[in-house]
Amino acid sequence: MGLLNPLLLLLAGAAAVPLLLHLLQRHQGPRVIFPALRYLRRAEKESARRIRLRQILLMLLRIAAVLLLALAAARPFTGFGGAGHSPTAVVIVLDNSMSTAAVEGERRVLDELKARALEMLEAAGPDDRFWLLRAGVPDEPALIGDAAATALRVRETEPSAAAADVNTALARATAILAAGAEGRAAEIHLLTDLQEASFAGPLPADSGAPPVVLWHPGSAPPTNRAVVAVEVGGGMAPIAGQRTTVAVSTAGETEDTDTTAAGRADVRLVIDGRLMAAATTRPGAVALLSLPARPAGVLTGSVDIDADALHADDRRFFAARVQPPPAVALSGGEPFITDALDVLAEAGRIRRVSGDSDVAFLPGAEGASARGARTALIILPPVSPTELTAVNRRLADAGVGWRYEAPTAGEARFAAEQSDPLLRALPDARVRQLYPLARNGGSDADSVLIRLEDGSPWAVRGTRTNGGTYVLLGSPLTAEASTLPTSAVMLPLLDRITGAWTLSEAPRTDAVPGQEIALASGSRVVERPDGTRDDVTGATSYRFGGEPGVYRVLRGDSTLAAFAVNPPAAESDLSRLQESEMETLLPGWTVHGTTSDGAWRRAVFRERLGRELWRPLLIALLLVLASETLLAASGRVRRARAPTAGAEGVQADPGTPAPPDTRPAGADAG
């Protein structure tokens with residue numbers, strides 16, 4: 001509580017005037033004996049106590065009137081309930097991630113979040129300052145402006161295809177307010193659907209962290225179904241002219257016994273605008289769709305299901321490279337490799353050759369330096385450690401950036417990689433002879449394809465100094481070195497090595513919105529899903545936009561690569577946190593959470609000027625003056641009736657004149 005005009009409180013000193021008048025009234029003048037008054041003294045004594053009480057009440061009412069007048073002139077205000085607030089610097093963290101596109105009732109969640117932000121901005125003052133952080137566009141700079149400009153940006157905000165990172169947004173907001181509040185009160189207004197995936201984990205508050213005013217729907221999320229993954233060819237590159245499969249992973253909950261339409265999901269495969277295959281599956285299961293034979297080149301398409309409350313994840317795009325069967329040559333007589341390559345050749349996955357080839361198996365790196373850049377090398381370590389020095393010399397001569405170290409004793413296991421169907425099966429195999437791999441000038445761009453349980457690399461992929469690719473394995477593919485040759489994973493492993501892992505082009509074909517990916521050499525243009533083109537001549541990488549779809553990397557009229565950009569699969573899980581969990585996720589932060597409109601308006605702008613109290617004080621003053629007037633008037637009426645009452649008591653002679661009033665003037669008048 002405070003006073004806008006505290007000096008006017010000096011008017012309260014006038015309260016001494018009624019008190020002085022009351023004290024002066026108590027002074028008795030000289031007594032004059034008048035015979036007729038002795039008949040009235042009895043009645044006067046009976047009413048003396050009542051008269052003194054009325055006089056005290058009149059004095060108190062007059063003092064109260066003066067005090068109320070002085071207090072109203074000073075314009076007091078409270079800290080609550082007022083429309084005004086101190087100048088405030090606000091960072092609005094507006095969650096516009098994909099999950100906020102879900103429709104609840106008749107409205108999108110994002111529309112509710114925007115409505116709360118606009119309500120707050122309508123109550124802003126001219127000295128307030130605002131920054132807008134759109135959590136669904138994490139790379140976007142914070143947009144600063146006044147209330148009007150910020151409101152326009154809020155209205156223009158639409159759901160993105162990306163995930164929100166609330167932790168990063170709060171850290172950025174804190175840094176912005178620390179540098180730009182300039183003495184204003186600081187607040188962070190967090191408007192989010194409280195999706196679990198939006199919080200990376202606990203975020204302790206820094207010292208001086210501003211308060212967070214949180215608004216969230218507070219309701220249960222709608223039921224959602226989604227296409228969360230599409231895999232062409234089971235993780236292996238499709239071969240030109242051969243049928244393959246497309247595995248479609250869906251998400252969503254339903255009962256196993258639910259055979260109604262609500263318990264099924266219709267999955268459709270679309271390529272070049274044509275429906276190629278369809279299937280019905282249960283939400284949360286994987287549907288296998290047959291893909292007809294395709295020519296060599298880049299294959300793109302989409303898979304979709306029926307629309308629901310969140311339509312953004314009902315379609316998922318894919319891109320894959322269909323390649324002709326590679327010509328594979330094998331040096332030496334490795335029996336298990338020979339048998340596996342024969343099986344792949346019979347299945348049409350490869351072509352066995354003895355001369356120039358696309359892929360060459362080179363045990364001990366024999367002849368590696370003689371292979372041109374067009375041939376991808378698959379190098380295996382020597383069977384005998386005595387050949388180690390010679391093998392490493394051959395690797396260096398061939399421009400391979402890795403070398404073998406002396407073999408270790410004991411048995412090793414492969415690391416489990418749940419996201420890859422092939423690598424999920426590797427932990428069942430055992431490695432008995434291991435040549436540890438060590439960098440020998442290799443580039444950071446080299447990728448580790450398979451790791452052992454202790455994290456060390458077992459298979460690496462890189463580029464030779466002449467531009468050709470290579471895959472280096474840490475163990476010979478013999479029964480003595482590992483159990484791989486006699487396991488079921490041998491064939492898919494060799495199919496992966498001779499296919500996707502030895503392609504000269506970047507094998508990656510997927511990305512999330514906003515992700516930056518290295519481009520193939522010679523890239524000139526990136527064509528977006530809407531047909532617009534970005535010139536990337538000379539660029540080594542490209543950052544994808546927020547629009548899902550297929551992005552094509554072009555050189556002239558030819559397509560070098562294609563990337564399917566889709567929302568993160570985790571964004572389809574609409575599970576929400578409870579507000580009570582904020583204390584655990586944001587330890588040390590002051591969080592004021594609410595779900596109602598009225599509570600939100602009261603929660604924002606926490607340093608308020610408050611409501612002024614002069615109006616209720618004036619009303620109280622009028623009531624006091626009215627009471628004083630009525631009380632004073634009742635005294636005059638009583639005095640007017642007093643002689644009649646006395647005459648009745650003493651039965652005075654009607655011819656006797658009325659006794660004069662000997663009390664001082666104004667004794668009980670107002």
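Starting from 1, residues in each chain are numbered consecutively following that chain's sequence as written. At least 70 in pLDDT is required for a residue's local features to be given in this predicted model, at least 80 for side-chain atom pairs to be given and counted, and no such filter applies to totals for whole chains, interfaces and linings, which use all residues. Where side-chain values are given, they derive from all heavy atoms of the structure, hydrogens and water being excluded.

(A) Main features of the overall build of the protein. In this text, helices come from DSSP runs of H or I with a minimum length of four residues, and strands from runs of E with a minimum of two, each type numbered from the N-terminal end. Secondary structure assignment for the protein yields twelve helices and 35 strands. Each residue gets one of three labels from its accessible area relative to the maximum for its type: buried under 20%, exposed over 50%, partly exposed in between, using a 1.4 Å probe on protein chains only. Counting over 670 residues, the protein shows a buried share of 43%. Residue-level accessible areas treat just the shown protein chains as cover; the underlying method is Shrake-Rupley with a 1.4 Å probe. As displayed, the protein has an accessible area near 33,200 Å², and 55% of this comes from carbon and sulfur atoms.

(B) Region of interest: the environment of Ile-63. Tracing the chain through its elements places Ile-63 in helix H2 (residues 41-73). Each C-alpha atom of the pair Ile-63 and Gly-13 lies 9.7 Å from the other, and the pair is 50 residues apart in sequence. With sequence-adjacent residues up to four places away left out, Ile-63 is seen in contact with Ala-15, Pro-18 and Leu-19. Note on contacts: a residue pair is in contact if any heavy atoms of the two residues lie within 4.5 Å.

(C) Structural detail: the nonpolar core. Nine residue types can take part in a nonpolar core, namely buried Ala, Val, Leu, Ile, Met, Phe, Trp, Tyr and Cys, and a core is a set of them joined through side-chain atoms within 4.5 Å. Within the largest apolar cluster, 35 residues are counted, with the highest numbers of intra-cluster contacts made by Ile-450 and Trp-458. Contributing elements (two or more residues each) for this core: strand S17 (327-330), helix H6 (335-346), strand S19 (359-363), strand S20 (376-380), strand S25 (447-451), strand S26 (457-463), strand S27 (469-473) and helix H9 (490-498). Listed in part, the 26 residues of the second largest apolar core include Val-93, Ile-176, Leu-194 and Val-212.

(D) Seen up close, the sheet that holds strand S12 (residues 265-271). Each pair of strands is called paired provided DSSP finds at least two bridges between the two strands. Strands sit in the order S13-S12-S15-S16 across an open sheet of four strands; the sheet is antiparallel. Edge strands, defined here as strands with exactly one partner in the open sheet, are strand S13 (274-281) and strand S16 (315-322). Strand-to-strand twist in this sheet, taken as the mean axis angle between neighbours without regard to direction, amounts to 20°. Where S12 and S13 come together, seven bridges link them in antiparallel fashion. Residue pairing in the sheet places Ala-265 in a bridge with Thr-281 of S13. Orientation is described by axes fitted as lines to C-alpha atoms, over the contacting stretch for helices, and by angles from 0 to 180 degrees between their N-to-C directions.

(E) Representation of the sheet that holds S17 in the model. Read across the sheet, seven strands follow the order S18-S17-S19-S20-S27-S26-S25 without closing on themselves; strand pairing throughout is mixed. If you trace the sheet from one side to the other, it starts and ends with strand S18 (351-352) and S25, each paired once. In the sheet, S17 pairs with S18 via two bridges, with the strands oriented parallel. Within S18, the residue paired with Ala-327 across the bridge is Arg-351. Packing of H9 onto the sheet brings it into contact with S17, S19, S20, S25 and S27, and relative to S19 it is tilted by some 120°.

(F) The arrangement of unusual backbone geometry in detail. Positive phi, normally seen in glycine, also occurs at Asp-272, with a value near 55°. Within the element layout of this structure, Asp-272 appears in the loop between S12 and S13. With a phi angle near 60°, Ala-365 is a residue other than glycine that sits in the positive phi range. Residue placement: Ala-365 occurs in the loop between S19 and S20.

(G) Highlighting the confidence of the model for the protein. Confidence along the protein averages 84 in pLDDT terms, with 85% of residues attaining 70 or more. The low-confidence segment residues 644-670 (pLDDT under 50) makes 28 contacts with residues lying over four places distant or belonging to another chain. Values of pLDDT, the confidence the predictor places in each residue, fall between 0 and 100.

(H) How the structure looks around the pattern of salt bridges. Any Lys or Arg side-chain nitrogen found within 4 Å of a carboxyl oxygen on Asp or Glu counts as a salt bridge. Overall, the coordinates contain 25 salt bridges when judged by the stated rule. One salt bridge in this structure joins Arg-116 and Asp-597, with 3.4 Å as the shortest N-O distance. Of this pair, Arg-116 sits in helix H3 (residues 109-122) while Asp-597 sits in helix H11 (residues 597-603); the two residues are 481 residues apart in sequence, bridging distant segments of the chain. Since its relative accessible area comes to 5%, Arg-116 is described here as buried. Overall, the relative accessible area of 33% leaves Asp-597 in the partly exposed class.

(I) Quick look at a negative patch on the surface. On the surface, Glu-196, Glu-253, Asp-573 and Glu-581 cluster together into a patch of negative charge. Mapped onto the elements of the fold, Glu-253 is located in the loop between strand S11 (244-251) and S12. Residue classification places Glu-253 among the exposed positions, given a relative accessible area of 75%. Patches in this entry comprise residues that are over 30% relatively accessible and not in a salt bridge; like charges within 9 Å are linked, as are nonpolar side chains (Val, Leu, Ile, Met, Phe, Trp, Tyr) within 5 Å. His is not counted here, nor are the chain ends, while Lys and Arg score as positive and Asp and Glu score as negative. Positions of charges follow a simple convention, taking NZ of Lys, CZ of Arg, CG of Asp or CD of Glu.

(J) Inspection of the pairing of strand S9 (residues 212-215) at higher detail. Burial along S9 is two-sided: the face carrying Val-212 and Leu-214 and the face carrying Val-213 and Trp-215 are both buried. Note that strand S8 (residues 185-191) and S9 share four bridges and pair parallel. Bridging across to S9, Leu-190 finds its partner in Leu-214. Here S9 runs beside strand S35 (residues 591-594); their pairing, made up of four bridges, is parallel. Paired with Val-213 across the two strands is His-592, which belongs to S35.

(K) Region of the structure containing a nonpolar patch on the surface. There is a patch of nonpolar side chains on the surface, built from Leu-53, Ile-56, Leu-57 and Leu-60 and spanning about 350 Å² of accessible area. Exposure remark for Ile-56: the relative accessible area of 38% places this residue in the partly exposed category.

(L) Structural view of the packing of aromatic side chains. In this scheme Phe, Tyr and Trp rings, the latter by its six-membered ring, pair at centre separations within 6.5 Å, and the angle between planes marks the pair as stacked below 30 degrees, edge-to-face above 60, and tilted otherwise. Enumeration according to the criterion identifies five aromatic pairs in this entry. Measuring from ring centre to ring centre gives 5.1 Å for Phe-414 and Trp-458, while their planes differ by 85°; the resulting arrangement is edge-to-face. Here Phe-414, found in the loop between strand S22 (412-413) and helix H8 (421-425), pairs with Trp-458, found in strand S26; they are 44 residues apart in sequence, far enough to count as distant. For the pair Tyr-542 and Phe-544, a centre-to-centre distance of 5.4 Å together with 80° between the ring planes defines the contact as edge-to-face. The pair formed by Tyr-542 and Phe-544 is uniform in burial state, with each residue classed as buried.

(M) Focus on the packing of H6 against H9. Axis separation between H6 and H9 bottoms out at 10 Å; the angle between their running directions is 75°. When the axes of H6 and H9 are compared, the pair comes out roughly perpendicular. Residues Phe-336, Ile-337, Ala-340, Leu-341, Val-343 and Leu-344 of H6 lie in contact with H9, whose contacting residues are Met-490, Leu-491, Leu-494 and Asp-495. Ten residues, namely Ala, Val, Leu, Ile, Met, Phe, Trp, Tyr, Cys and Pro, are considered nonpolar, four, namely Asp, Glu, Lys and Arg, are considered charged, and the remaining ones, Gly among them, are considered polar. Looking at side-chain class alone, the contact of H6 with H9 contains nine nonpolar, no polar and one charged residues. Any angle between 65 and 115 degrees counts as roughly perpendicular, while under 35 counts as roughly parallel, over 145 as roughly antiparallel, and the rest as oblique.

(N) How the structure looks around the side chain of Asp-495. Relative to the assigned elements, Asp-495 resides in helix H9. According to the relative accessible area criterion, Asp-495 is buried, its value standing at 6%. In protein, a polar contact means a hydrogen-donor-capable atom and an acceptor-capable atom, both N or O and within 3.5 Å, with residues adjacent in sequence counting only if both atoms are side-chain atoms; elsewhere, any N or O pair within 3.5 Å suffices. Reaching out from Asp-495, the side chain makes a polar contact with the side chain of Arg-349 at a distance of 2.8 Å.

(O) Up close: the packing of H3 against helix H4 (residues 147-156). The N-to-C vectors of H3 and H4 enclose an angle of 170°; their axes lie 10 Å apart at closest approach. Classified by the angle between their axes, H3 and H4 sit roughly antiparallel to one another. Contact residues: Lys-114, Ala-117, Leu-118 and Leu-121 in H3; Ala-147, Thr-150, Ala-151, Val-154 and Arg-155 in H4. Residue classes in the contact of H3 with H4 are distributed as six nonpolar, one polar and two charged.

(P) Spatial organisation of helix H5 (residues 166-180). Helix span, as expected, comes to 1.5 Å for every residue beyond the first. With 15 residues, H5 extends 21 Å from end C-alpha to end C-alpha; this agrees with the ideal 21 Å at 1.5 Å per step. Taken together, the buried positions of H5 are Val-166, Asn-167, Ala-169, Leu-170, Ala-173, Thr-174, Ile-176, Leu-177 and Gly-180. On its buried face, H5 sits against strand S3 (88-94), strand S6 (129-134) and S8. Among the residues trailing H5, Glu-182 stands out with phi positive, at a value near 50°.

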